[in-house]
Amino acid sequence: MSVIGIDFGNESCYVAVAKAGGIETIANDYSLRATPSCVAFAGRNRVLGVAAKNQQVTNMNNTIGGFKRLLGRKYNDPHVQNELRMIPYKVEPRSDGGIGIRVHYQDEECVFSPEQITAMLFTKLKDDSAKELKTQINDCVITVPSFFTNAERQSLLDAAGIAGLNVLRLMNETTATALSYGFYKQDLPVPEEKARNVIFVDCGHSSLQVSACAFHKGKLKMLASCADQVGGRDFDYALADHFSNEFQTKYKIDPRTNKRAFLRLLTEVEKLKKQMSANSTKLPLNIECFMNEIDVHSTMQRSIMEEMCAPLFQRIEACMKKLLKDSNLGPEDIHSVEIVGGSSRIPQIKQLIENIFGKTASTTLNQDEAVSRGGALQCAILSPAVRVREFACSDVQAYPVLISWEDGTQRNEMKVFEQYHTAPFSRLLTVHRREPMTINVHYEANSVPYPDPFIGSFLIKDIKPNANGDPQEVKIKVRINQNGIVLVSSATMVEKRETEEPVTPPATNNGEQPANSPQGEEPAKAGEPMDIQEDKKKKVTTKSFDLTIDGRTHGFASTELSKYYELEVKMIANDRQEKERVDARNALEEFVYEIRGKIQEDGELSAYIEPDDASKLGLTLEDFENWLYEDGENCEKQVYKDKLTQLKQQTDPIKIRCDEYSGHEQAFTDMGHTIQLTNKAVEQYRNKDPKYDHLTETEILNISEAAQKAQKWYEEARSKLVSVRKTQDPPVRVADIRHETQTLYTCTNSVLSRPKPKPPTPPADTGKEQQQNGSDKSKDQKQDSTADGNPPKDLTEDKMDVE
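So, here is what we can say about the structure in this document. (Residues numbered from 1 in each chain as written. Predicted model: local features only at pLDDT ≥ 70, side-chain atom pairs only at ≥ 80, totals over all residues. Heavy atoms only, no water.)

With 83 residues, the main nonpolar core has I199, V201, L265, M320 and F357 as its most contacted residues. With near-sequence residues (within four places) excluded, L265 lies in contact with A240, F243, S244, F247, P255, L285, I287 and F290. Counting 82 residues, the second-largest nonpolar core is a separate cluster that includes F148, A163, M493 and M571. (Core = buried A, V, L, I, M, F, W, Y, C linked by side-chain atoms within 4.5 Å. Buried < 20%, exposed > 50% of the residue type's maximum accessible area, 1.4 Å probe, protein only. Contact = heavy atoms within 4.5 Å.)

Moving on: the packing of aromatic side chains. Under the defined criterion, the tally for this structure stands at 22 aromatic pairs. Judged by centre distance (6.1 Å) and plane angle (25°), the rings of F243 and F247 are stacked. Of this pair, F243 and F247 both sit in helix α6 (residues 232-250), separated by four residues, roughly a single helical turn. According to the relative accessible area criterion, F243 is buried, its value standing at 0%. By the ring-pair criterion, three or more aromatic residues cluster together here, those being F243, F247, Y251 and F290. The side chain of R389 reaches across the aromatic face of F183, ending 4.2 Å from its centre. Against the face of F591 rests K648, its NZ or CZ located 5.7 Å from the ring centre. (Phe/Tyr/Trp six-rings, centres within 6.5 Å; stacked < 30°, edge-to-face > 60°. Helix = DSSP H or I, 4+ residues; strand = E, 2+ residues; numbered from the N terminus. Lys NZ or Arg CZ within 6 Å of the ring centre and 35° of its normal.)

With that settled, the discussion passes to the layout of surface pockets. Empty space within the second largest pocket amounts to approximately 670 Å³. R46, K124, K131, D575 and K579 are, among the 20 residues lining the second largest pocket, the residues nearest its centre. Elements supplying a minimum of two residues to the lining of the second largest pocket: β6 (45-48), α3 (114-133) and α12 (558-599). At eight residues, the largest contribution of residues to the lining of the second largest pocket is made by α12. Per-class residue counts for the lining of the second largest pocket are six nonpolar, three polar and eleven charged. (1 Å grid on protein atoms, 1.4 Å probe; cavity = no way out; pocket = protein on both sides within 12 Å on 5 of 7 lines; lining within 4 Å. Points joined across faces, edges and corners; volume = space filled by probe spheres on them. Nonpolar A, V, L, I, M, F, W, Y, C, P; charged D, E, K, R; others polar.)

The next thing to look at is unusual backbone geometry. Cis geometry marks the peptide bond from A423 to P424; its omega dihedral reads -5°. Residue placement: P424 occurs in the loop between β23 (421-423) and β24 (425-433). The backbone of Q106 shows a phi angle near 55°, a positive value even though the residue is not glycine. Mapped onto the secondary structure, Q106 falls in the loop between β9 (99-105) and β10 (108-112). Residue classification places Q106 among the partly exposed positions, given a relative accessible area of 31%. A positive phi angle, close to 55°, is found at N328, a residue other than glycine.

Turning to the pairing of strand β3 (residues 22-25), a few remarks are in order. Alignment of strand β2 (residues 12-19) against β3, held across four bridges, turns out to be antiparallel. Bridge pairing in β3 places K19 opposite G22. Linking β2 to β3, which pair antiparallel, is a turn of two residues. (Pairing = 2+ DSSP bridges.)

What follows covers the sheet that holds strand β22 (residues 410-417). Read across the sheet, five strands follow the order β22-β21-β25-β26-β30 without closing on themselves; strand pairing throughout is antiparallel. Both edges of this open sheet fall to β22 and β30 (549-553), since each of them pairs with a single strand only. Ignoring which end each strand starts from, the neighbouring axes of this sheet average 20° apart. Two elements, strand β25 (residues 437-443) and strand β26 (residues 454-460), share six bridges in a ladder whose sense is antiparallel. The partner of M437 across the bridge, within β26, is I460. (Axes fitted to C-alpha atoms, helices over the stretch in contact; angles between N-to-C directions.)

Among the secondary structure elements, S404 is positioned in strand β21 (residues 401-407). Of the residues examined, S404 reaches a relative accessible area of 2% and is grouped as buried. In terms of polar contacts, S404 uses its side chain to reach the side chain of R411, at 3.2 Å. Apart from the residues lying within four places of it in its own chain, the contact partners of S404 are R411, N412, E413, T438, I439, N440 and H442. (Polar contact = N/O pair within 3.5 Å; in protein donor to acceptor, adjacent residues only side chain to side chain.)

We now examine α3. If you check α3, its first and last C-alpha atoms are 28 Å apart, about what 20 residues at 1.5 Å a residue would give, namely 28 Å. Of all 20 residues making up α3, 15 are buried, and the element is well covered by its neighbours. Two residues or fewer past α3, K134 is found with a positive phi of approximately 55°. (Expected span 1.5 Å × (residues − 1).)

In this section: empty space enclosed by the protein. Using the criterion set out here, one finds four cavities of 30 Å³ or more in the structure. In this model, the largest cavity occupies a volume close to 150 Å³. Lining the largest cavity we find 18 residues, and of these R153, N172, V396, Q397 and G484 sit closest to its centre. Class assignment of the residues belonging to the lining of the largest cavity gives a composition of nine nonpolar, six polar and three charged.

Hydrogen bonds between backbone groups are what pair the strands of a sheet, and the pairing can be parallel or antiparallel. Ordered in space as β8-β9-β10, the three strands form an open sheet in which the pairing is antiparallel. Every interior strand has two partners, whereas the edge strands, β8 (90-93) and β10, have only one. Here the average twist between neighbouring strands, direction ignored, is 35°. Sheet topology places β9 next to β10; five bridges connect them, and they run antiparallel. Bridge pairing in β10 links H104 to E109.

Turning next to the packing of α6 against helix α7 (residues 259-278). At a closest axis distance of 9 Å, the pairing of α6 and α7 adopts a crossing angle of 115°. Here α6 is positioned roughly perpendicular relative to α7, judged by the angle of their axes. By crossing handedness, the relation of α6 to α7 is classed as right-handed. Contacts between α6 and α7 involve G232, F235, D236, Y237, L239, A240, D241, F243, S244 and F247 from the first element and F262, L265, L266, V269, E270, L272, K273 and M276 from the second. Looking at the contact of α6 with α7 residue by residue, the class counts come to twelve nonpolar, two polar and four charged. (Parallel < 35°, antiparallel > 145°, perpendicular 65-115°, else oblique. Left-handed = near helix turned anticlockwise from the far one by under 90°.)

Quick look at the structure:
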């Protein structure tokens, strides 16, 4: 099981995985780390990622990009209406007021929601990760812009659910960047010391996020985060408008009236913008056959671009200054400023950073992959499947949150979370009610970049008065969860009951006064009646009941999610079947072209087929080709397989003849070599070669006869092939030659490889004579030690090598 971090960007996505050796960014099927956030529909299949981006100009109406900015929004949202001016595909309102994207898929018109389109992209990222890691992918952390509201975050969770991903956390991109920075830092201050404050500037394709973070050893705390909807694409559109006006004057054409031409212009100005980040000289812009078959030419310089985009730079500057104010940091409190995001490479943005924060922009982090790497680290920390050292991340709630409820005719409202409140966090509220109540949760007015501040409406049921008809205490938990989503997570009714318990005075013993009796009172005598007054004590008991909550908030209902999930599974299966169908069609087409080239004059198979047969086969191949491009354009996979089998039945005999005649020479060479080696061994035996002196005459006669038999078969086989044309099936096959060769080799090897028997080991020579004056005992010992052929113990220095 692997855990991944997904950086879902407006232009492209990155996926990182936590491994034993660290964090690694995964490459896609094009060996690229960046996967474009594009989904296209071409005929009967979906095209995702790089392939979709590559066909954006040619399949403009069915290629969907920039859908991240449409998540969780309504069609009439002013933000959406502004986005519609920049996208070439068709967008329409749905019955519930949401956004529908109309495309042509599987020969019919289909309407998909932005969440479904996002799920399709997540499916692609999931599959690429599984192929790269060769394991199943389930758990993930997905990064989101810090300015995303409840509606947008819930939409992203719905998209991940449709794609079958288990999201451990939606993590703010700014927090993921901070984690990627701080996790490997070994010099962070300990908790008792002053925190290290670092500013992170993330300027991407469609947004700017600036955040302040305080680091201690093993933890980080976000202080503040500011954002603006300005990014690299705004610079692209500014340049494209400039060139459109110039071309309108110079060439009498307006690219804004032609979506395809404007897309091409945007692609070229993006390249030009990147070149200007590294060059301050005047740079050319040339587009051939741009519009109405007109070639266009122009130039641009960085200084002119900066003047043209001055309003955009002013918005960036205002966002950075707001962060300084909200974080209560001065330039002297800032340790460093780290930049990430592709658009942060613009020199003017780096200059603004230095002017405002008093620090040179630092490029310690990978500007494109830092967010995904931080997400992978967080996923590894959260997942039980991976062991990694802990690093605490304390995030913030970007917007102030209020709740309101009705109390009779009076409306009550209170703020439960201030801006930049710590998240995740829970707040427990206590109210006294007799009946069910509705809690409305919403953002503070005009605090969010979203037309509707509504978060959710939560009906708390089963509230009832106590036995006396009085209100009961209700505890309501309002929570910001790990995904940054605000909700009423639970409600509990506390029921209090008062009971009276009698308190009896202690009993007397033999008429003696109790120890606690008042002084001066006469104790009761034995046998006399005693008047006992019983005191009563009140006891309060409490009992808690969990209350049912019916929530109405953003996102799909569970039934809708199930329906969309089943549809996505069906489309995945269709993609697989379509790929197999296309592969089968391509295999048939490739085979037709391959055989046609081989049977032509001087082709590989031309010598093995009669000219008339070659002409007939050529006509057959032509019929197959015409069928492929006419009636056979959209057939099922099995039809192509059957056609390929039918064609191979005609061509396989030709290929077999080619293989046979081509392999004869080598097979005969190997057989002749084996015969020579056998004859040589027989000759060496006749010449009394010592290495064969252990063989018998019968054995040598057997292998000699086998060699003679093989030689005869060899000569007959070669003579049969002399008069045979190559267009006829060969009378002798390569397999026959190999069989005869193997038979001879087995017969010969079984005899020649038999090892020589070892001669018996002679007794070892003692090397010494017995002493005449030795004791009888020593003589007996020596005689006993040599009786079995073993050397005596005192003479083991002398050794004999026996062959």
